[in-house]
Amino acid sequence: MTVALPLPETLARHRDVYQEIAASHPSLLNGKVWCPSCGRSRVVDAARCLREGWPKCCHGTMSLDQLRNEVVKP
Ligand SMILES: [Zn+2]
């Protein structure tokens, strides 16, 4: 016999996980994303994006701002 957590408790745990992820990554904490196609940037609530879906622009999801620095060639 399996013991399942009540749904509200499960959802609350997921919220905590998203908050932890958002708080553990500097780029997520910064909350800034950008579109690799058009270069448009915007500030988002990282925890909310992880929970409800990452912001999209043009043909795909927007990237974390930090990735732009990694893409730039020296
Ligand atoms: Zn775009």
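The rules we used
- Residues numbered from 1 in each chain as written.
- Predicted model: local features only at pLDDT ≥ 70, side-chain atom pairs only at ≥ 80, totals over all residues.
- Heavy atoms only, no water.
- Helix = DSSP H or I, 4+ residues; strand = E, 2+ residues; numbered from the N terminus.
- Buried < 20%, exposed > 50% of the residue type's maximum accessible area, 1.4 Å probe, protein only.
- Contact = heavy atoms within 4.5 Å.
- Areas by Shrake-Rupley, 256 points an atom, 1.4 Å probe, with all protein chains shown as cover.
- Donors = N, O, S within 2.8 Å, 3.2 Å for Na, K, Ca; no water.
- Tetrahedral: all angles 85-135°; square planar, octahedral: opposite > 155°, others 65-115°.
- Pairing = 2+ DSSP bridges.
- pLDDT = per-residue confidence, 0-100.
- Polar contact = N/O pair within 3.5 Å; in protein donor to acceptor, adjacent residues only side chain to side chain.

Caption draft 1: Region of interest: the overall build of the protein. Helices and strands together make up the secondary structure of the protein, namely 4 helices and 5 strands. Start at the N end of the protein and walk to the C end: the helices and strands fall as α-α-β-β-α-β-β-β-α. Out of the 74 residues in the protein, the part that is buried amounts to 23%. The contacts of the protein with a sequence gap of at least 6 include a subset with a gap of at least 24, amounting to 42%. Accessible surface, the protein as shown: approximately 5,700 Å² in total, 55% of it carbon and sulfur.

Caption draft 2: Structural view of the coordination of the zinc ion. Within the protein, the zinc ion binds to C35 (SG), C38 (SG), C57 (SG) and C58 (SG); these donor distances fall in the range 2.3 to 2.4 Å. Relative to the metal, the 4 donor atoms surrounding the zinc ion lie at angles of 105 to 116°, and the coordination shape comes out tetrahedral. Here the donor residues for the zinc ion map to a single chain with the spacing C-x2-C-x18-C-C. Here C38 is found in the loop between strand 1 (32–34) and strand 2 (41–43), whereas its partner C57 is found in strand 3 (residues 56–57), with 19 residues between them in sequence.

Caption draft 3: Region of interest: the sheet that holds strand 5 (residues 63–64). Ordered by their spatial adjacency, 3 strands build an open sheet running 2-1-5, and the pairing between neighbours is antiparallel. Either end of the sheet is taken by a strand with one partner, and the two such strands are strand 2 and strand 5. Where strand 1 and strand 5 come together, 2 bridges link them in antiparallel fashion. The partner of V33 across the bridge, within strand 5, is L64.

Caption draft 4: Structural view of the side chain of S63. Mapped onto the secondary structure, S63 falls in strand 5. With residues near it in sequence (within four places) discarded, S63 still touches K32, V33, W34 and P36.

Caption draft 5: Inspection of the confidence of the model for the protein at higher detail. For the protein, the mean per-residue pLDDT works out to 79, and 78% of the residues sit at or above 70. Highest mean pLDDT in the protein belongs to strand 3 (94); lowest belongs to helix 4 (residues 65–71) (53).

Caption draft 6: Just unusual backbone geometry, in detail. Phi at C58 is positive, roughly 55°, even though this residue is not glycine. Along the polypeptide, C58 turns up in the loop between strand 3 and strand 4 (60–61).

Caption draft 7: A look at the environment of R51. Mapped onto the secondary structure, R51 falls in helix 3 (residues 46–52). Separated by 33 residues in the primary sequence, R51 and Y18 have C-alpha atoms spaced 6.6 Å apart. With sequence-adjacent residues up to four places away left out, R51 is seen in contact with R15 and Y18.

Caption draft 8: Quick peek at the environment of D45. Mapped onto the elements of the fold, D45 is located in the loop between strand 2 and helix 3. Along the chain, D45 and L28 lie 17 residues apart, while their C-alpha atoms are 8.2 Å from each other. A distance of 3.2 Å separates a polar side-chain atom of D45 from the backbone nitrogen of A47.

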